[in-house]
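Summary of structural features
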Amino acid sequence: MEKILEQYFIQNNELVLTNVGTLHLSKKPASWIGDTLHAPEVTILFSTDKKKPNSHFYNYLSEALSISNEQANIQFDQFLQNSFEAKETSLSIGNLGSVEKNNNEYTWVSNFTSNHYYKDITISPINANEELEKQKSIQWQWIALVLSIIAIAAIVFKSF
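Report on the accompanying structure.

What counts, and at which threshold
- Residues numbered from 1 in each chain as written.
- Predicted model: local features only at pLDDT ≥ 70, side-chain atom pairs only at ≥ 80, totals over all residues.
- Heavy atoms only, no water.
- Buried < 20%, exposed > 50% of the residue type's maximum accessible area, 1.4 Å probe, protein only.
- Helix = DSSP H or I, 4+ residues; strand = E, 2+ residues; numbered from the N terminus.
- Contact = heavy atoms within 4.5 Å.
- Pairing = 2+ DSSP bridges.
- Salt bridge = Lys/Arg side-chain N within 4 Å of Asp/Glu carboxyl O.
- Axes fitted to C-alpha atoms, helices over the stretch in contact; angles between N-to-C directions.
- Parallel < 35°, antiparallel > 145°, perpendicular 65-115°, else oblique.
- Nonpolar A, V, L, I, M, F, W, Y, C, P; charged D, E, K, R; others polar.
- Left-handed = near helix turned anticlockwise from the far one by under 90°.

1. Considerations on helix H2 (residues 55-65)
- Turning to H2, its buried residues number three or more, namely Phe 57, Tyr 58, Tyr 60, Leu 61 and Ser 62.
- Buried residues in H2 make contact with helix H1 (2-12), strand S1 (14-17) and helix H3 (69-83).
- Phi for Ser 66, located one or two positions after H2, is positive at around 55 degrees.

The following block contains the structure:
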C-alpha cells in the first residue's frame, strides 16, 4: 500500500490521509537575482487538516488494487488505522519521508531535499574585447557563374 500511496503522491502532488493530515508538494520556480540563477525549490509540506480523500484517489486506489471503490475505501481506512494503532508509530511514504505519530500529534519527517538535485548557477559577464574577424564570403552569383561555365565545358567536351 505504501508504494501505491507514494506513486499517487508523485503523480498528483497531494496525498490526503484520512483524519491524519495532507501532504502537499510545493514548487517554487527558478529565479534570476543579479548574476545568479537560483535553483527551483521543491518541498513536501504536511498540514494536519482532518479531511477525507476525494473520489479520484479512491478510483486510483481501486484500479491499483483491482478492487471496487468501496473496498478501496475500507482497505485504506484499515491500513491507516493499523499503521497508527500504537502511540508512537510512523507511516513511511517510500523514500520521500514518513508521517510519525507521537501521542495524538502527527508530524512529517522528510527525506526529500531538492537542493541535492538542483544547484544555483552564477554567471559572470562576458567581456567582448576581441574584434571579430570578418569572414570573406563568396557571393552565390559567382558560384553559379563558375558552375555554369564548368557545366558548359563538360557538355562541349562530351559532344566532341
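After that view, the rundown keeps rolling.
2. Remarks on the sheet that holds strand S3 (residues 31-33)
- Pairing is antiparallel in the open sheet, where three strands are placed in the order S3-S4-S9. Each edge of the open sheet carries a strand with a single partner, namely S3 and strand S9 (121-122).
- In this sheet, strand S4 (residues 36-38) lies alongside S3 in antiparallel orientation, the contact comprising three bridges. What sits directly across from Trp 32, in S4, is Leu 37.

3. Quick word on the pattern of salt bridges
- According to the stated counting rule, one finds two salt bridges in the structure shown.
- A salt bridge links Lys 52 to Asp 77; the shortest N-O distance between them is 3.9 Å. Taken as a pair, Lys 52 in the loop between strand S5 (41-47) and H2 and Asp 77 in helix H3 lie far apart in primary sequence, 25 residues in all.
- Here Asp 77 falls in the partly exposed class, since its relative accessible area comes to 27%.

4. Describing the packing of H2 against H3
- Packing of H2 against H3 brings their axes to within 8 Å, and their N-to-C directions diverge by 95 degrees. Classified by the angle their axes make, H2 and H3 are roughly perpendicular. Listed contacts from H3 to Phe 57, Tyr 58, Asn 59, Leu 61, Ser 62 and Leu 65 of H2 are Asn 69, Ala 72, Asn 73, Gln 75, Phe 76 and Asp 77.
- Within the contact of H2 with H3, the residues separate by chemical class into six nonpolar, five polar and one charged.

5. Things to note about the packing of H1 against H2
- Between H1 and H2, the least distance of the axes is 11 Å, while the angle of their chain directions is 135 degrees. The angle between H1 and H2 places the two elements in the oblique class. Along this stretch, H1 crosses H2, giving a crossing that reads as right-handed. Here H1 contributes Ile 4, Leu 5, Gln 7, Tyr 8, Gln 11 and Asn 12 to the contact with H2, which in turn contributes His 56, Phe 57, Tyr 60, Leu 61, Ala 64 and Leu 65.

6. A short note on unusual backbone geometry
- With phi around 60 degrees, Asn 13 is a residue other than glycine that occupies positive phi space.
- With respect to the helices and strands, the residue Asn 13 is situated in the loop between H1 and S1.
- The phi torsion at Ser 66 lies on the positive side, around 55 degrees, for a residue other than glycine.
- With respect to the secondary-structure elements, Ser 66 resides in the loop between H2 and H3.
- Of the residues examined, Ser 66 reaches a relative accessible area of 64% and is grouped as exposed.

7. A few points about the pairing of S5
- Side chains Val 42, Ile 44 and Phe 46 project from S5 onto a buried face, and the interleaved Glu 41, Thr 43, Leu 45 and Ser 47 project onto a face without burial.
- Here strand S2 (residues 21-28) pairs with S5 via seven bridges, running antiparallel. Considered in S5, the bridge of Lys 27 is made with Val 42.

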